[in-house]
Amino acid sequence: DATVDRTTNGSGQVAEMTLSQLEVLDAGGWFDSRFAKERIPTLREALDLLEGKVRLNIHLKAFASTREVLVSRVVAELAEMDLVDHCFIASDEETIELAKRMQPAIAICNLSTSPFGTYIDRSMAIGCSILQPSNRQVTPEFVATAHQEGMEVNPFYADDVDEMLRLIECGVDGILTNHADLLM
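Undergrad: Help me understand the state of the cysteines, please; the structure alone is not making it clear to me.
TA: Disulfide: a covalent bond formed between the sulfur atoms of two cysteine residues. Applying the stated criterion to the full structure yields zero disulfides. Cys 109 supplies the cysteine sulfur nearest to Cys 87, a cysteine that is in no disulfide, at a spacing of 12 Å. Between Cys 109, a free cysteine, and Cys 128, which holds the nearest cysteine sulfur, the sulfur-to-sulfur gap is 6.6 Å. Of the residues examined, Cys 109 reaches a relative accessible area of 0% and is grouped as buried.

Written as structure tokens, this is what we have:
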């Protein structure tokens, strides 16, 4: 997010804040009192917690003015921690193309679904291996075409059982959800 307003007890533009200012914010209390006083982790802290045990979907929300710095720092951090093979970068086409140029081995996920009719072709052209279309856009035909081109389909998102089951019937590879317990 461009601001800390939605996810913390603070307010203001992230780009205008220092790490010290970000570190004192409560990033959990807004969600539930059980998570009060949770802090915003740095990328390194989050990566340290995961220890390479899971594949990480790193969603970069880049702005033109900060894209190059953001992507280069994230890619460098992943390379330094030897985690390039344990993650993928998800973002708009311009951002993931830059990530792929900086680190050819990194997997990329195109979040630029519009226009949807060319989504698979555009994604193939820039080397995507993962797609995250809106759950409403997913059909069995879409999944079959993506799979023929060697791409995973992990729709965003499904939070109710009926939609989860529909997506599973379509043959998706994964589902982004706020309710992993229901999906399991």
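Undergrad: Hey, could you run me through a nonpolar patch on the surface in this one?
TA: A contiguous nonpolar patch, built from Val 161, Leu 165, Ile 168 and Leu 182 and spanning about 340 Å² of accessible area, is present on the exposed surface. Per element, the largest residue contribution to the nonpolar patch is three residues, and it comes from helix α7 (residues 161–170).

Undergrad: Looking at this structure, how should I read the sheet that holds strand β4 (residues 130–131)?
TA: Strands in a sheet are paired, the pairing made by backbone hydrogen bonds, and the direction either parallel or antiparallel. The strand order across the open sheet formed by five strands is β1-β2-β3-β4-β5, and the pairing between neighbours is parallel. On the outer flanks of this sheet lie β1 (56–59) and β5 (152–153), each paired with one strand and no other. The pairing of β1 with strand β2 (residues 87–91) spans four bridges and is classified as parallel. Within β2, the residue paired with Ile 58 across the bridge is Ile 89.

Undergrad: For this particular structure, what's the right way to read the packing of helix α3 (residues 67–80) against helix α4 (residues 93–102)?
TA: Each pair of packed helices can be summarised by the angle the axes make with each other and by the distance between the axes. Running from N to C, α3 and α4 cross one another at 45 degrees; their axes reach a closest spacing of 10 Å. If you check the angle between α3 and α4, you find them oblique. Classified by chirality, the crossing of α4 by α3 is right-handed. Seen from α3, the contacting residues are Arg 67, Glu 68, Val 71, Ser 72 and Val 75; seen from α4, they are Glu 94, Thr 95, Leu 98, Ala 99 and Met 102. For the contact of α3 with α4, a count of residues per class yields five nonpolar, two polar and three charged.

Undergrad: Help me out: how do you make sense of the side chain of Arg 67 in this one?
TA: As for its placement among the helices and strands, Arg 67 is situated in helix α3. Under the relative-accessibility criterion, Arg 67 is labelled buried at 10%. Those residues within four positions of Arg 67 in sequence are excluded, and the remaining contacts are Ala 62, Asp 92, Glu 94, Thr 95 and Leu 98.

Undergrad: I would appreciate a short explanation of the packing of aromatic side chains in the present structure.
TA: In total, this model carries six aromatic pairs according to the counting rule given. Three or more aromatic residues link up through ring pairs in this structure, and these residues are Trp 30, Phe 31 and Phe 35.

Undergrad: Is there a simple way to think about the pairing of strand β3 (residues 107–110) in this case?
TA: Regular strands place side chains that alternate from one sheet face to the opposite one. Here four bridges tie β2 to β3, and the two strands are oriented parallel to one another. Bridged to Ile 89 within β3 is Ile 108. Where the polypeptide runs from β2 across α4 and back to β3, its parallel neighbour, the crossover connection is right-handed. Here β3 pairs with β4 via two bridges, running parallel. Each bridged residue has a counterpart across the sheet, and for Asn 110 the counterpart in β4 is Leu 131. In this fold, the crossover linking β3 to β4 by way of helix α5 (residues 119–125) has right-handed handedness.

Reading the values: rules and limits
- Residues numbered from 1 in each chain as written.
- Predicted model: local features only at pLDDT ≥ 70, side-chain atom pairs only at ≥ 80, totals over all residues.
- Heavy atoms only, no water.
- Disulfide = S-S within 2.5 Å.
- Buried < 20%, exposed > 50% of the residue type's maximum accessible area, 1.4 Å probe, protein only.
- Patch = residues over 30% accessible without salt bridge, like charges linked within 9 Å, V, L, I, M, F, W, Y side chains within 5 Å.
- Areas by Shrake-Rupley, 256 points an atom, 1.4 Å probe, with all protein chains shown as cover.
- Salt bridge = Lys/Arg side-chain N within 4 Å of Asp/Glu carboxyl O.
- Helix = DSSP H or I, 4+ residues; strand = E, 2+ residues; numbered from the N terminus.
- Pairing = 2+ DSSP bridges.
- Axes fitted to C-alpha atoms, helices over the stretch in contact; angles between N-to-C directions.
- Parallel < 35°, antiparallel > 145°, perpendicular 65-115°, else oblique.
- Left-handed = near helix turned anticlockwise from the far one by under 90°.
- Contact = heavy atoms within 4.5 Å.
- Nonpolar A, V, L, I, M, F, W, Y, C, P; charged D, E, K, R; others polar.
- Phe/Tyr/Trp six-rings, centres within 6.5 Å; stacked < 30°, edge-to-face > 60°.
- Right-handed = clockwise from strand over helix to strand, strands pointing away.

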